[in-house]
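Chain by chain, the residues run as shown.
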Amino acid sequence: MVDLTKHVRTRIRYDGPALVGHEMDVQDLAPALLAMAEIVQIANRKFNGEAVAIRVMVDADIEQQCFQLDLSLVQSVIDQAATLLGHRDVATAKEIAEWIGIIAGAGYGLFELLKWIYGRGDTPPAVTFSTGDQTGTTIINIAGDAHGIVVPTETAKLLVDQEVQKNVRGVLRPLEREGYQDITFLHDEKPVTHIEKDEALRIRSAPPITPEDEQTESASKIRGAVRIKSPQYEGGARWSLLYQGRAIDAEMADQAARWVADFQANRISAPPNTILEVSMTETVRLNAHGLAVSKPIYVVHEIHEVIPPASQTDLPF
């Protein structure tokens, strides 16, 4: 095992009159911390499989007028070779923390999303999903709102995971006790999500969001530029390409398959970092809620233009 450690530090703070003395009943604290650690582990298994290990470390800070803990997500890449060769995309500790919502990210994290869905009224709203315009995003719609909210698809997948739902209730459970008023997640001393007692109780009592098993496919036609990351010099294996800054594995079909045959026969040149202007399709499997349940599948059908990588000019010395 090669240890490539990734470390994210954040804070969780319980507050209320019962915690003024900086003490928290271990019967409240221990299950809540175990529930938070389990959410992290579920997310890591869901997005990294067995390739990456992650641990949640705890350090108490008793200087605040509350009970505050430092949480550290420590991540180690087990299968380094597969990662470096581009065969596996690793969800980093930072990304996992963003999707859960214990540090700020580009979109809503899980806890902020739950606050948005259930924190506004006593009646749990109906929740539906649709695929976002941008790859890797999902739109969450709730009954009565004219506009949905765009979240990372990984956050949406955590939202509908029943084990995650159970452990979210465990993290919020202390707020059922007398003298506990709220919970706040902080990162770099700034609040990420703040949940009041009444909001926590509504989240805990809400019925689970259970996606149905029925699945459909959504296919999009794309005309755009990709960059060759790892070409295939023989056979019909998928090519590793970079598209919009992300690594994708694409099947080469139709006219593109003939282009590959010419490449493999050395009739044309296309070294790594060559840019290809292509037509391709992106296909995603969706559940009954419109939530993506698989990574996109890419098929390149036609190559319109080949732009070789820039060559370095010899320096005059």
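Residues numbered from 1 in each chain as written. Predicted model: local features only at pLDDT ≥ 70, side-chain atom pairs only at ≥ 80, totals over all residues. Heavy atoms only, no water.

Caption draft 1: Focus on the overall build of the chain. Along the backbone of the chain there are 8 helices and 13 strands. Looking at the chain residue by residue over its 317 residues, the buried ones come to 44%. Within the chain, contacts between residues at least 6 apart in sequence are counted, and of these 65% link residues at least 24 apart. Of the roughly 16,600 Å² that the chain leaves accessible, carbon and sulfur atoms contribute 50%. (Helix = DSSP H or I, 4+ residues; strand = E, 2+ residues; numbered from the N terminus. Buried < 20%, exposed > 50% of the residue type's maximum accessible area, 1.4 Å probe, protein only. Contact = heavy atoms within 4.5 Å. Areas by Shrake-Rupley, 256 points an atom, 1.4 Å probe, with all protein chains shown as cover.)

Caption draft 2: Representation of the packing of helix H6 (residues 162-172) against helix H7 (residues 197-205) within the structure. Relative orientation of the contacting elements H6 and H7 amounts to 150 degrees, with a least axis distance of 9 Å. Between H6 and H7, the angle is such that the two are roughly antiparallel. Helix-helix and strand crossings are classified by hand; for H6 and H7 the assignment is left-handed. Counting all contacts with H6, which are made through Val 168, Arg 169, Gly 170 and Leu 172, the residues of H7 involved are Ala 200, Ile 203 and Arg 204. Residue composition of the contact of H6 with H7, by class: 4 nonpolar, 1 polar and 2 charged. (Axes fitted to C-alpha atoms, helices over the stretch in contact; angles between N-to-C directions. Parallel < 35°, antiparallel > 145°, perpendicular 65-115°, else oblique. Left-handed = near helix turned anticlockwise from the far one by under 90°. Nonpolar A, V, L, I, M, F, W, Y, C, P; charged D, E, K, R; others polar.)

Caption draft 3: Here's a closer look at the sheet that holds strand E4 (residues 127-131). Spatially, the 3 strands line up as an open sheet ordered E4-E5-E6, and their pairing is antiparallel. With partners counted over all chains shown, the strands left at the sheet margins are E4 and strand E6 (149-152), one partner each. The average undirected angle you get between the axes of adjacent strands in this sheet is 35 degrees. Sheet topology note: the strand E5 (residues 137-142)/E6 ladder contains 4 bridges and is antiparallel. Bridge pairing links Ile 139 to Val 150 in E6. Against the sheet, helix H4 (residues 110-118) makes contact with E4, E5 and E6, and its axis sits at roughly 25 degrees relative to E5, the strand it touches most. (Pairing = 2+ DSSP bridges.)

Caption draft 4: Focus on the packing of helix H1 (residues 26-48) against H6. For the pair H1 and H6, interaxial distance at closest approach is 7 Å and the crossing angle is 150 degrees. Classified by the angle between their axes, H1 and H6 sit roughly antiparallel to one another. Between H1 and H6 lies a crossing of left-handed hand. Residues Ala 32, Ala 35, Met 36, Glu 38, Ile 39 and Ile 42 of H1 form the contact with H6, whose participating residues are Glu 163, Val 164, Asn 167, Val 168, Gly 170 and Val 171. Split by residue class, the contact of H1 with H6 holds 8 nonpolar, 2 polar and 2 charged.

Caption draft 5: Structural context of the nonpolar core. Of all hydrophobic cores here, the largest spans 55 residues; its most connected members are Phe 111, Ile 140 and Val 171. Sort the elements by how many residues they give to this core and H1 lands first, with 10 residues. Among all residues touching Ile 140, those that are not within four sequence positions of it are Leu 113, Trp 116, Ile 117, Val 127, Thr 128, Phe 129, Gly 148, Ile 149, Val 151, Ala 156 and Leu 159. (Core = buried A, V, L, I, M, F, W, Y, C linked by side-chain atoms within 4.5 Å.)

Caption draft 6: Seen up close, unusual backbone geometry. The phi dihedral of Gln 244 is positive, around 55 degrees, even though this residue is not glycine. Within the fold, Gln 244 resides in the loop between strand E10 (239-243) and strand E11 (246-252). Classification of Gln 244 by relative accessible area gives exposed; the value is 55%. Not every positive phi belongs to a glycine, and Asp 254 is a case in point at roughly 55 degrees.

Caption draft 7: Main features of the environment of Pro 231. Within the secondary structure, Pro 231 sits in the loop between strand E9 (215-230) and E10. When its relative accessible area of 8% is taken as the criterion, Pro 231 is described as buried. For Pro 231 and Asn 273, which are 42 residues apart along the polypeptide, the C-alpha to C-alpha distance reads 9.6 Å. Excluding anything up to four places from it in sequence, Pro 231 contacts Trp 239, Phe 263 and Pro 272.

Caption draft 8: Region of interest: the environment of Leu 276. Relative to the assigned elements, Leu 276 resides in strand E12 (residues 275-287). With relative accessibility at 0%, the residue Leu 276 sits in the buried group. Between the alpha carbons of Leu 276 and Leu 241 there is a distance of 9.5 Å; along the sequence they are 35 residues apart. Those residues within four positions of Leu 276 in sequence are excluded, and the remaining contacts are Gly 224, Ala 225, Val 226, Ile 228, Trp 259, Ile 303, Glu 305 and Val 306.

Caption draft 9: Fine view of the pattern of salt bridges. Counted by the stated rule, this structure contains 11 salt bridges. The partner of Glu 98 in a salt bridge is Lys 94, and the shortest N-O contact between them spans 2.4 Å. Of this pair, Glu 98 and Lys 94 both sit in helix H3 (residues 93-100), 4 residues apart, roughly one helical turn. When the shortest N-O distance is used, the salt bridge between Glu 277 and Arg 223 registers 3.2 Å. With Glu 277 in strand E12 and Arg 223 in strand E9, this residue pair connects regions lying 54 residues apart in the sequence. (Salt bridge = Lys/Arg side-chain N within 4 Å of Asp/Glu carboxyl O.)

By themselves, these are just geometric observations and shouldn't be taken as functional.
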